Amino acid sequence: TSNPAIGVLNLMDISPQNQGDYQCRATYLGIGTIVSEPARIAVLGFLETLSNMDLTKGSSARLHCKPTMGDVSWTMNDSPLSTTSPSIEITSVGQDDEGLYKCQATFQGESIYSSARITVSDTGITQHPEDMTVQSGEHVTLTCTTNTDSSFKWYMNKNEVSSGVESTAKQSVMVTSPLTLRSRLQCVVSTGEEKTYFSKIGVINVIGFKTVPQDKGLPVDGEVSLLCSVGGHGLKQLVWLRSPDAKEVPSSWMESYSTGYTTSNVLTTSEVGTYYCSATFEQGYTIESERAAVTPVRVTMSSKSVALGDDVILTCIVTGAIKADLSTGRRTES
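Residues numbered from 1 in each chain as written. Predicted model: local features only at pLDDT ≥ 70, side-chain atom pairs only at ≥ 80, totals over all residues. Heavy atoms only, no water.

Let us look at the sheet that holds strand β16 (residues 141-146). The four strands are arranged β14-β16-β20-β19 in an open sheet whose pairing can be described as antiparallel. For this open sheet the edge positions go to β14 (125-127) and β19 (165-167), each flanked by a neighbour on one side alone. When the angles between neighbouring strand axes are averaged without regard to direction, this sheet yields 25°. Two elements, β14 and β16, share two bridges in a ladder whose sense is antiparallel. From the neighbouring strand, Ile125 faces β16, where its bridge partner is Thr146. (Pairing = 2+ DSSP bridges. Helix = DSSP H or I, 4+ residues; strand = E, 2+ residues; numbered from the N terminus. Axes fitted to C-alpha atoms, helices over the stretch in contact; angles between N-to-C directions.)

Here's what the structure looks like:
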């Protein structure tokens, strides 16, 4: 290859999910793997935006507005609200809660907005889709109830959902397919009075491993890198452990970076063992990845002394969990 060698990563149509720290790993023969310092890509945008909601008196709702960066501020009907949280909860909704809600994120002089209108009435949706945290691959059951005869439609990430829905005159229940990604679900209700009501957004926080460590062979005096990536909001801790005593690996062996709702951790080690990563979330979940074995790899050949004209067979032996194609040849000495 050329010196210097150049690796190029093309990111097209940048979105907030592309924000994070990026690293380049280069593997040298006889040296091992070297990892670059992180290069951060900052994208000012929203991971969660506001949506219009129609609430009945006495109900409650949570408004989600999560920017990729920056300071958050809220207004209601252009009057400031005393919170800087990326979400606000409205409890025991009354007529005074009706209006236009706006979330603003500001970073280095740049500002972006997300807004939604909330209406309050006596009739409409009385039970809204709930926010939930589930593990990857699980189904979710959501309920939408009204106090008047209605027809129902369900939307997941703004796309209409028809399968898994059962409805009566005043209630609709949706059972999702197995979820692997964070999702936003909303129920839209139409009544005989030709009125349409929009439920609050039910945010399904899906947690799980996106990349799990793989078995690696460890060369003599070398090192290997293991990758673990976990998705989900509310991650408190992502650590590496080594079996059989579940001993935590020193943080100096690790490099972490985040992109959107995904956090990755690269472990570089020169020690044999069985490794896995453990992720702990604010919601009380702790999940563990599959195990990966780092085993020694050795390539040996035995010397022989033979008489002139004799035939000789040389055997190359590779030991370890990782096998590769073998070739033998005479070493050229300068």
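Here the narrative resumes.
Let us look at the side chain of Asp54. On the secondary structure map, Asp54 appears in strand β6 (residues 53-56). Arg117 is the oppositely charged side chain nearest to the buried, salt-bridge-free Asp54, at an N-O distance of 9.0 Å. A distance of 2.2 Å separates a polar atom in the side chain of Asp54 from a polar atom in the side chain of Thr119. A polar atom in the side chain of Asp54 sits 2.6 Å from the backbone nitrogen of Phe198. Ignoring any residue separated from it by four or fewer positions in sequence, one finds Asp54 in contact with Thr119, Ile125, His128, Thr196, Tyr197 and Phe198. (Buried < 20%, exposed > 50% of the residue type's maximum accessible area, 1.4 Å probe, protein only. Lys, Arg positive; Asp, Glu negative; His and termini not counted. Salt bridge = Lys/Arg side-chain N within 4 Å of Asp/Glu carboxyl O. Polar contact = N/O pair within 3.5 Å; in protein donor to acceptor, adjacent residues only side chain to side chain. Contact = heavy atoms within 4.5 Å.)

To continue, consider the state of the cysteines. Applying the stated rule across the entire model yields three disulfides. In this model Cys65 forms its disulfide with Cys103; the gap between the sulfur atoms is 1.9 Å. A torsion of -70° about the S-S bond marks the disulfide between Cys65 and Cys103 as left-handed. Taken as a pair, Cys65 in the loop between β7 (61-64) and β8 (66-67) and Cys103 in strand β12 (residues 99-107) lie far apart in primary sequence, 38 residues in all. On the basis of relative accessibility, which here comes to 0%, the residue Cys103 falls in the buried class. Paired by a disulfide, Cys144 and Cys187 hold their sulfur atoms 2.3 Å apart. Residues Cys144 and Cys187 are joined through a disulfide that is left-handed, its torsion about the S-S bond being -80°. With Cys144 in strand β16 and Cys187 in strand β21 (residues 183-191), this residue pair connects regions lying 43 residues apart in the sequence. (Disulfide = S-S within 2.5 Å.)

Now for the packing of aromatic side chains. The relation between two aromatic rings is expressed through the spacing of the ring centres and the mutual angle of the planes. Counted according to the given criterion, the structure contains zero aromatic pairs. In this arrangement the basic side chain of Arg291 is found over the ring face of Tyr276, its NZ or CZ atom lying 3.5 Å from the centre. (Phe/Tyr/Trp six-rings, centres within 6.5 Å; stacked < 30°, edge-to-face > 60°. Lys NZ or Arg CZ within 6 Å of the ring centre and 35° of its normal.)

Our focus in this paragraph is the environment of Thr119. Looking at the secondary structure, you find Thr119 in strand β13 (residues 110-121). Between the C-alpha atom of Thr119 and that of Asp97, which follows or precedes it by 22 residues, the distance is 8.0 Å. Not counting the four nearest positions on each side in its chain, Thr119 is found in contact with Met53, Asp54, Leu55 and Glu98.

Right, let's talk about empty space enclosed by the protein for a bit. Unoccupied space between atoms shows up once a probe the size of one water molecule is rolled over them. Inspection of the entire model under this criterion finds one cavity of 30 Å³ or more. Lining the largest cavity are Thr49, Leu50, Ser51, Met53, Arg62, Leu63, His64, Ala116, Arg184 and Ile201. The element best represented in the lining of the largest cavity is β7, accounting for three residues. Of the residues in the lining of the largest cavity, the class split is five nonpolar, three polar and two charged. (1 Å grid on protein atoms, 1.4 Å probe; cavity = no way out; pocket = protein on both sides within 12 Å on 5 of 7 lines; lining within 4 Å. Points joined across faces, edges and corners; volume = space filled by probe spheres on them. Nonpolar A, V, L, I, M, F, W, Y, C, P; charged D, E, K, R; others polar.)

Judged by nonpolar contacts, the single largest core of 20 residues is most densely connected at Leu50, Leu63, Trp74, Tyr101, Cys103 and Ile118. Contributions of two or more residues to this core are made by β6, β7, β9 (71-76), β11 (87-90), β12 and β13. The biggest single contributor to this core is β13, with four residues. (Core = buried A, V, L, I, M, F, W, Y, C linked by side-chain atoms within 4.5 Å.)

It is worth spelling out unusual backbone geometry at this point. Residue Pro244 follows Ser243 across a cis peptide bond; omega there is 5°. Among the structural elements, Pro244 can be located in the loop between β26 (235-243) and β27 (247-248). At Gln108, a residue that is not glycine, the phi angle is positive and equals roughly 50°. Structurally, Gln108 is set in the loop between β12 and β13.

Next up on the list: the environment of Ser278. Relative to the helices and strands, Ser278 resides in strand β30 (residues 273-281). We classify Ser278 as buried; its relative accessible area is 9%. For the pair Ser278 and Val230, spaced 48 residues apart in sequence, the C-alpha to C-alpha distance is 9.4 Å. Once residues lying within four places of it in the same chain are set aside, the contact partners of Ser278 are Gln237, Leu238, Val239, Leu241, Thr286, Ile287 and Glu288.

On the basis of which strands lie adjacent, the open sheet formed by five strands has the order β6-β13-β12-β9-β10 and mixed pairing. Edge positions in the sheet fall to β6 and β10 (79-81), since each of these pairs with one other strand and no more. Going across the sheet, the axis of each strand differs from the next one's by a mean of 30°, ignoring polarity. Alignment of β9 against β12, held across six bridges, turns out to be antiparallel. Within β12, the residue paired with Trp74 across the bridge is Cys103.

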